[in-house]
Amino acid sequence: MAPQRRKVLKIAGAAAAVAGAALAWRAYDRGVFSTGKGEAYAPWHDWNTAQPGNPLRLVQAAILAANPHNSQPWLFKIRGDIIDLFAETSRNIGTIDPYLREMYMGIGCGLENLLIAAAHDGRQTTLSLMPDTADVSHAARIHLSWGTNASSDLYDAIPNRHTNRAAYDTARAVSPEQLSQLAALGTDLDATVVWFSTAEDRKRIGDPTVAATEAIIADEQQSTDSARWFRWGWDEVQSHRDGLTLDAQALPPLVNFAAKILPPMSREAADAGWLRSTRERHVATAAAFGIIAVPGVADHAAHIRGGRFWQRIHLKATALGLAAHPLNQMPERADREKQLGIEPRFGKALQELAGGAGLTALMPFRIGYPTVAAKPSPRRDLQSVLVMVS
């Protein structure tokens, strides 16, 4: 081999080694190999380490609940055997949720986890919703007393419940018996679920869900308000401990790898990806859709009850080996239409889907058998959500 050629090959090999090392370092620095790790994910592992029945342990369970955009809009005050739950309204998601419907549903999800954990630990609870008429942020007061332990599969599902945004198994249907079992969870909450399981019914809700996604993307303020909750980098995830992450989007492994090591996408590119996922994955592979609804006109207490119902559904679905995923686009657009005073295109669609004027639709969702396991989302720790302990 000619000396000059050997020299060129050595230089090329050295350059490739340097590039490989740089790529490996970039991947390490961006958390490619640290999915679900770090302090931002510690609450998932430490959620039941406190003494059973301790109010702190109940709050640890509460902070693992579902909530809008993973904004975690809750604060807790503990005074002896009283836990007060507050909406942290500064963590609202803007024009995506102008009337705080989703925020108070998230509060209801956290409350439900707390109550399930209390029953498991032998704590009886007396609950008051919206107990202070002078303070709308005061969502609930829970009085604790001692009783008997009431374990359940819902409690066991708390650390395993994650929103699954991946494709679902289109070859497996969710049985009518399973749907009835999930619907029965709302009986004591004055909440119901309307199911859409046939191909024709799935299209009735799937098509307007895609259209509502397009409308959100076309609304610059809604798009911007949604985008500010996306945490692109590893450092962002660990410092904020909230928001939407790449890992939780259930992207194909190579796409996820590339997205992590490349600079963050533009808002427009991210919106296009969300629309594509909604159309081709979320809507196209759902075994069934549901709409959580309550009778009459919903206030924040009804939103909380609806959130409790959703948390029960998602926990029970997890226990049954099912995946679940909120699809809030239609109510988000309906609320925005009301805010702007424009034609209620999606408001009317939701009312019709929910069965008419007797019910108020709170949240659509999809359900099915998973094809991949969902990843956890980051969580704020106890110190971040407690305003007082005495």
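Parameters and conventions
- Residue positions are given per chain, counted from 1 along the sequence in the order it is written.
- Reporting of local features is limited, given that this is a predicted model, to residues whose pLDDT is at least 70; pairs of side-chain atoms are given and counted only at 80 or more, and all residues count toward the totals for whole chains, interfaces and linings.
- Based on all heavy atoms of the structure, the side-chain values leave hydrogens and waters out of the count.
- A strand pair is defined by DSSP finding two or more bridges across the two strands.
- A run of DSSP states H or I qualifies as a helix once it reaches four residues; a run of E qualifies as a strand once it reaches two. Both are numbered from the N-terminal end.
- The angle between two axes is taken between their N-to-C directions and runs from 0 to 180 degrees, where each axis is a line fitted to C-alpha atoms and a helix contributes only its stretch in contact.
- Distance and chemistry together define a polar contact, namely a pair of N or O atoms within 3.5 Å, with one atom able to donate a hydrogen and the other to accept it when in protein, and with adjacent residues in sequence counting only for side-chain atoms on both sides.
- A contact between two residues is defined here by any heavy atoms of the two lying within 4.5 Å.
- Note on terminology: angles under 35 degrees are roughly parallel, angles over 145 are roughly antiparallel, angles of 65 to 115 are roughly perpendicular, and the others are oblique.
- The crossing is said to be left-handed when, going from far helix to near helix, the turn is anticlockwise and less than a right angle, and right-handed when the turn is clockwise.
- When residue character is reported, Ala, Val, Leu, Ile, Met, Phe, Trp, Tyr, Cys and Pro are called nonpolar, Asp, Glu, Lys and Arg charged, and the others, Gly included, polar.
- The term nonpolar core refers to a set of buried residues drawn from Ala, Val, Leu, Ile, Met, Phe, Trp, Tyr and Cys, joined through side-chain atoms within 4.5 Å.
- Burial classes follow relative accessibility: with a 1.4 Å probe on protein chains only, a residue under 20% of its type's maximum area counts as buried, one over 50% as exposed, and anything between as partly exposed.

Chemist: I'd like to hear about the sheet that holds strand S10 (residues 359-368), residue by residue, with values.
Modeler: Pairing is antiparallel across the open sheet formed by 4 strands, whose spatial order is S5-S8-S10-S9. Every other strand in the sheet has two partners, leaving strand S5 (192-196) and strand S9 (323-326) as the edge strands with one partner each. This sheet shows a mean twist of 30° between the axes of neighbouring strands, independent of strand direction. Inspection of the sheet shows S9 paired to S10 by 4 bridges, in the antiparallel sense. Bridging across to S10, His325 finds its partner in Arg366.

Chemist: Give a description of the side chain of Lys260 that names residues and reports values.
Modeler: Inspection of the secondary structure puts Lys260 in helix H10 (residues 253-261). Here Asp247 takes part through its side chain, which lies 2.7 Å from a polar atom of the side chain of Lys260.

Chemist: A description of the environment of Ala157 should follow, citing residues and the corresponding values.
Modeler: Relative to the assigned elements, Ala157 resides in helix H5 (residues 153-157). Separated by 162 residues in sequence, Ala157 and Ala319 have C-alpha atoms that sit 5.9 Å apart. When sequence neighbours within four positions are dropped, the list of residues in contact with Ala157 reads Leu315, Thr318 and Ala319.

Chemist: Outline the packing of helix H4 (residues 101-120) against helix H12 (residues 300-319), listing residues and values.
Modeler: Where H4 contacts H12, the two axes come as close as 6 Å, and the packing angle between them is 55°. Judged by the angle between their axes, H4 and H12 are oblique. Crossing of H4 against H12: the hand is right-handed. Here Arg101, Tyr104, Met105, Ile107, Gly108, Cys109, Leu111, Glu112, Asn113, Leu115 and Ile116 of H4 lie close against H12, whose contacting residues are His300, His303, Ile304, Gly306, Gly307, Arg308, Trp310, Gln311, Arg312 and Leu315.

Chemist: For the packing of helix H7 (residues 199-218) against helix H13 (residues 329-340), give the residues involved together with the corresponding values.
Modeler: At their nearest, the axes of H7 and H13 sit 8 Å apart, and the two run at 50° to each other. Here H7 is positioned oblique relative to H13, judged by the angle of their axes. Considering how the two elements wind past one another, H7 and H13 form a crossing that is left-handed. Of the residues in H13, those in contact with Ile205, Pro208, Thr209, Ala212, Thr213, Ala215 and Ile216 of H7 are Gln329, Met330, Glu332 and Arg333. Grouping the constituent residues of the contact of H7 with H13 by class yields 6 nonpolar, 3 polar and 2 charged.

Chemist: Residue-level account of the side chain of His314, with values.
Modeler: Along the chain, the position of His314 falls in helix H12. Of the polar contacts made by the side chain of His314, one reaches the side chain of Arg161; its length is 3.3 Å. In contact with His314, other than residues within four places in its own chain, are Arg161, His162, Thr163 and Ala324.

Chemist: Break down the environment of Gly290 for me, citing the residues and quoting the values.
Modeler: The residue Gly290 is located in strand S8 (residues 288-295) in this model. Each residue touching Gly290, except ones within four places of it in the same chain, is listed here: Val193, Val194, Trp195, Met363, Pro364 and Phe365.

Chemist: Tell me what's going on with the sheet that holds strand S1 (residues 74-79), and back it up with residues and numbers.
Modeler: Taken together, the 5 strands give an open sheet; going across it, the order is S3-S4-S2-S1-S11, and neighbouring strands pair in mixed fashion. Either end of the sheet is taken by a strand with one partner, and the two such strands are strand S3 (123-129) and strand S11 (386-389). Sheet twist, expressed as the mean angle between neighbouring strand axes with direction ignored, is 15°. Strand direction decides the pairing type here: S1 and S11, joined by 3 bridges, are parallel. Paired with Lys77 across the strands is Met388, a residue of S11.

Chemist: Break down the environment of Phe230 for me, citing the residues and quoting the values.
Modeler: Looking at the element boundaries, Phe230 is found in strand S6 (residues 230-231). With residues up to four places along the chain from it excluded, the contact list for Phe230 reads Glu236, Leu244, Thr245, Leu246 and Gln249.

Chemist: Describe in detail the nonpolar core, supporting the description with residues and values.
Modeler: In this structure, Phe76 and Trp310 are the most contacted members of the largest nonpolar core, which totals 68 residues. Excluding anything up to four places from it in sequence, Trp310 contacts Ala66, Cys109, Ile292, Ala324, His325, Pro326, Met363 and Phe365. Ala211, Leu275, Val283 and Phe289 belong to the second-largest nonpolar core, a separate cluster that totals 19 residues.

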